[in-house]
Each structure stands twice: as C-alpha cells, then as structure tokens.
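# Working through the structure, step by step
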Amino acid sequence: MIEDPFVAHRSLLFTVAYEMLGSAADAEDVLQESWLRWADVDRSQVRDPRAYLVRVVTRQALNRLRALSRSREDYVGEWLPEPLLTSPDVAEDVELAESVSFAMLTVLETLGPAERAVFVLREVFEMPYGEIAEVMGKSAAAVRQIARRAREHVAARRPRVRVSRAEQQAVVERFLVALRTGQLQELMEVLAPDVVMVADGGGLVAAALAPIHGVELVASLLARAHRVVAAFETTTVWLNGAPAGRIEIDGEPSAVSLVVEDGRVTRIYVVRNPQKLTQLDQPTELAR
C-alpha cells in the first residue's frame, strides 16, 4: 500500500505552518484544514504532491496568520512562540535549526503576514518565486520585492553570532546551575551586560508584562525567584533545535530559551503560559 503523500510529508507541512504561525496548536489546526481540502482533490491531476500540499498549507496558514495578527494585539503582556521539544538531530540541519529557533521566530513576529510567508517559503524552504507568487496571489516581481524587504528586516534583527552546540549547551547548563542555586554573582557572570529578558504568561500566570533590560535587573530578579518559591528545579532539554531549559516552579513547568554570544547570555525567553507548554513531553518531528 502506497503511503498517502500528506502523511509522508506531514513533518514538512507542520514545519511550514509552525514557522509561519509560531504556534504548534495553530499549526495543527492548519494541517487539519489542509487535510480536509486534500481529501477532496483529484490526485490524478496533481503532478507534484509535495509542492501542491505546501501551497495548500501555506494558504491556510496565511489566512490564519492574518486573523491571529489582530487577536495578538490584545494579548496580555509579551507574546512569545510556543516552544517545541525537539531531538538533538534537528541541530544537524543548521538552517532548519536556525529557522525554528526562538530568536528567529521572535524576529519573524515583527514581520507582516505577507512578508513572513514569503520569507519562510523562500529563505527556509527555497520555493521558487513563481510558486510563491501563485500562493500569494501576487506577481513574481512583487514577491521578489517583498522577499528583499523581509531579508533586510530579519538581517537587522537576528543574532549576529552563530555559536556551536557545545558552547550553547555549556552556557545553558551554567545558567541553569546559577538559577537553581540562586547565586547572584554566578548569574551576573553568565549574563551579558545588556541582556534582555522577555517573559510570556499570557495573563494566566505571573510574568513580567514588558521586557527587562540590563544585567543588574535581570540577575537580581532571577536570584530572587529561587528564594520566593518552595520548589525550584531545572533541567537541560532541547527546544526548537537547541539546548535550552525546562524549569519547574512549585510543580508548574516553564520553558527557557537563551541566545548566547561570546560565551554569555544576551537574551532570555521565558514561556510560562500553560497553554503554550503542551509540547514539552514528546519530541516534535520537523523537516525541510
């Protein structure tokens, strides 16, 4: 029995939707909608099922992204992507790992829906401009212009230094030890002077409503967290293709992703919204 193309390419289709939306839950909804459309298609008329399915998923994700862009304006506090537990194998594909990293996904959030869709399809999945134009309902020339603007926007905001997995893991582990023990001096040493911490509680749990800037403020806040909770545990895990942290605060999980440059943490992303922490127990299969 020949495997259905939708099933065969499901990991790819999920990755496309997730990179466009930053939400596993919304990506799964998009896949469900796309499956229903695929079920009604005359397969004999589809020359390239993979390309056809990517187009279907992209259109559905773009529709959802436009709707979400309005609803996220009312989100309580900072909106961060939904973290995914991934296997270390994801990091073997450097381009894939970077494209699903927290740092990249937060940059993609600053793009408009059309720019984000074009950037993901062109820069991550290397789709020809002509095919992107068909998906977007625009001319190829217009798509090239959108792609250029999106590349410039992302290049100006993405981390400028790519670190090895070994360096990332070493800094993550050092950070988690300092966090677990509440050692202020250790935290000060592992954090960059201009570190920024962004937290997402979604209005459901306690979290800073705006980014916190500077090593003194961030370190003192993190050190204080260790003292005011009864139970505080940290574990190194792989999130979005990179070493990261899982923190249990009085039994409630949080996900922590770090950006590392020159051996120090420059950005801390803390996801505490329980609605975004449903993907931390089973690794998600991603593919390009």
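Before going into details, it helps to say that this report is about the structure given with it.

The rules behind the values
Residues numbered from 1 in each chain as written. Predicted model: local features only at pLDDT ≥ 70, side-chain atom pairs only at ≥ 80, totals over all residues. Heavy atoms only, no water. Helix = DSSP H or I, 4+ residues; strand = E, 2+ residues; numbered from the N terminus. Rg over C-alpha atoms; globule rule 2.2 N^0.38 Å. Contact = heavy atoms within 4.5 Å. Areas by Shrake-Rupley, 256 points an atom, 1.4 Å probe, with all protein chains shown as cover. Lys, Arg positive; Asp, Glu negative; His and termini not counted. Charge placed at Lys NZ, Arg CZ, Asp CG, Glu CD. Phe/Tyr/Trp six-rings, centres within 6.5 Å; stacked < 30°, edge-to-face > 60°. Buried < 20%, exposed > 50% of the residue type's maximum accessible area, 1.4 Å probe, protein only. Lys NZ or Arg CZ within 6 Å of the ring centre and 35° of its normal. Pairing = 2+ DSSP bridges. Axes fitted to C-alpha atoms, helices over the stretch in contact; angles between N-to-C directions. Parallel < 35°, antiparallel > 145°, perpendicular 65-115°, else oblique. Nonpolar A, V, L, I, M, F, W, Y, C, P; charged D, E, K, R; others polar. Salt bridge = Lys/Arg side-chain N within 4 Å of Asp/Glu carboxyl O.

The helix and strand inventory of the protein chain stands at 12 helices and six strands. In summary, the protein chain has a C-alpha radius of gyration of 20 Å against a globular reference of 19 Å for 288 residues, a match within 12%. For the protein chain, the C-alpha atoms occupy an extent of roughly 65 × 40 × 40 Å along the three principal directions. In the protein chain, of all internal contacts separated by at least 6 residues, the share reaching a separation of at least 24 is 70%. Summed over its atoms, the accessible surface of the protein chain is roughly 13,700 Å², and 50% of this surface lies on carbon and sulfur atoms. One way to put it: in the protein chain the 33 positive side-chain charges average out to a point 6 Å from where the 41 negative ones average out.

Another aspect to go through is the packing of aromatic side chains. As enumerated under the stated definition, the model contains four aromatic pairs in all. Geometrically, the ring pair formed by phenylalanine 102 and tyrosine 269 is tilted, given 5.8 Å between the ring centres and 45 degrees between the ring planes. Of the two residues, phenylalanine 102 is situated in helix H6 (residues 102-108) and tyrosine 269 in strand E6 (residues 264-271); the sequence distance between them amounts to 167 residues. Of the two residues examined, phenylalanine 102 and tyrosine 269, each falls in the buried class. Lying across the ring of tyrosine 129, arginine 122 places its NZ or CZ 4.1 Å from the centre.

Our focus in this paragraph is the sheet that holds strand E3 (residues 232-239). Here six strands make up an open sheet; going across it, the order is E2-E1-E6-E5-E4-E3 and the pairing mixed. At either margin of the open sheet sits one strand with a lone partner, and together these are strand E2 (212-213) and E3. Looking at chain direction, strand E1 (residues 191-200) and E6 are connected through six bridges and run parallel. By the bridge assignment, alanine 199 is partnered in E6 with valine 270. Along the sheet, helix H10 (residues 165-181) contacts E1, E3, strand E4 (242-249), strand E5 (252-261) and E6; its crossing angle with E3, the most-contacted strand, is approximately 165 degrees.

Bringing the side chain of serine 257 into the picture now. Mapping serine 257 onto the fold places it in strand E5. Relative accessible area serves as the criterion here: at 12%, serine 257 is assigned to the buried category.

Another aspect to go through is the packing of helix H8 (residues 129-136) against helix H9 (residues 140-157). Across the interface, H8 lies against H9 with an axial gap of 9 Å and an inter-helix angle of 100 degrees. If you check the angle between H8 and H9, you find them roughly perpendicular. Counted together, Tyr129, Ile132 and Ala133 of H8 and Ala140, Val143, Arg144, Ala147 and Arg151 of H9 form the full contact between these two elements. For the contact of H8 with H9, a count of residues per class yields six nonpolar, no polar and two charged.

This brings us to the side chain of threonine 284. Mapped onto the secondary structure, threonine 284 falls in the segment after E6. Residue threonine 284 is classed as buried on the basis of its relative accessible area of 12%. The contacts of threonine 284, once residues within four sequence positions are left out, are Phe14, Leu84, Leu85, Thr86 and Gln279.

Turning our eyes to something else, we now look at the pattern of salt bridges. Summed over the entire model, instances satisfying the criterion amount to 19 salt bridges. Across the salt bridge formed by arginine 43 and aspartate 4, the nearest N and O atoms sit 3.0 Å from each other. In this pair, arginine 43 is assigned in the loop between helix H3 (24-39) and helix H4 (49-71) and aspartate 4 in the segment before helix H1 (5-8), connecting sequence segments 39 residues apart. Residue arginine 43 is classed as partly exposed on the basis of its relative accessible area, which comes to 34%. Notably, a salt bridge pairs arginine 64 with aspartate 29, separated by 3.3 Å at the nearest N-O pair. In this pair, arginine 64 sits in helix H4 while aspartate 29 sits in helix H3, placing the two residues 35 residues apart along the sequence. Assessed through its relative accessible area of 22%, arginine 64 is described here as partly exposed. One network of salt bridges, in which partners are shared, links Asp26, Asp29, Glu33 and Arg64.

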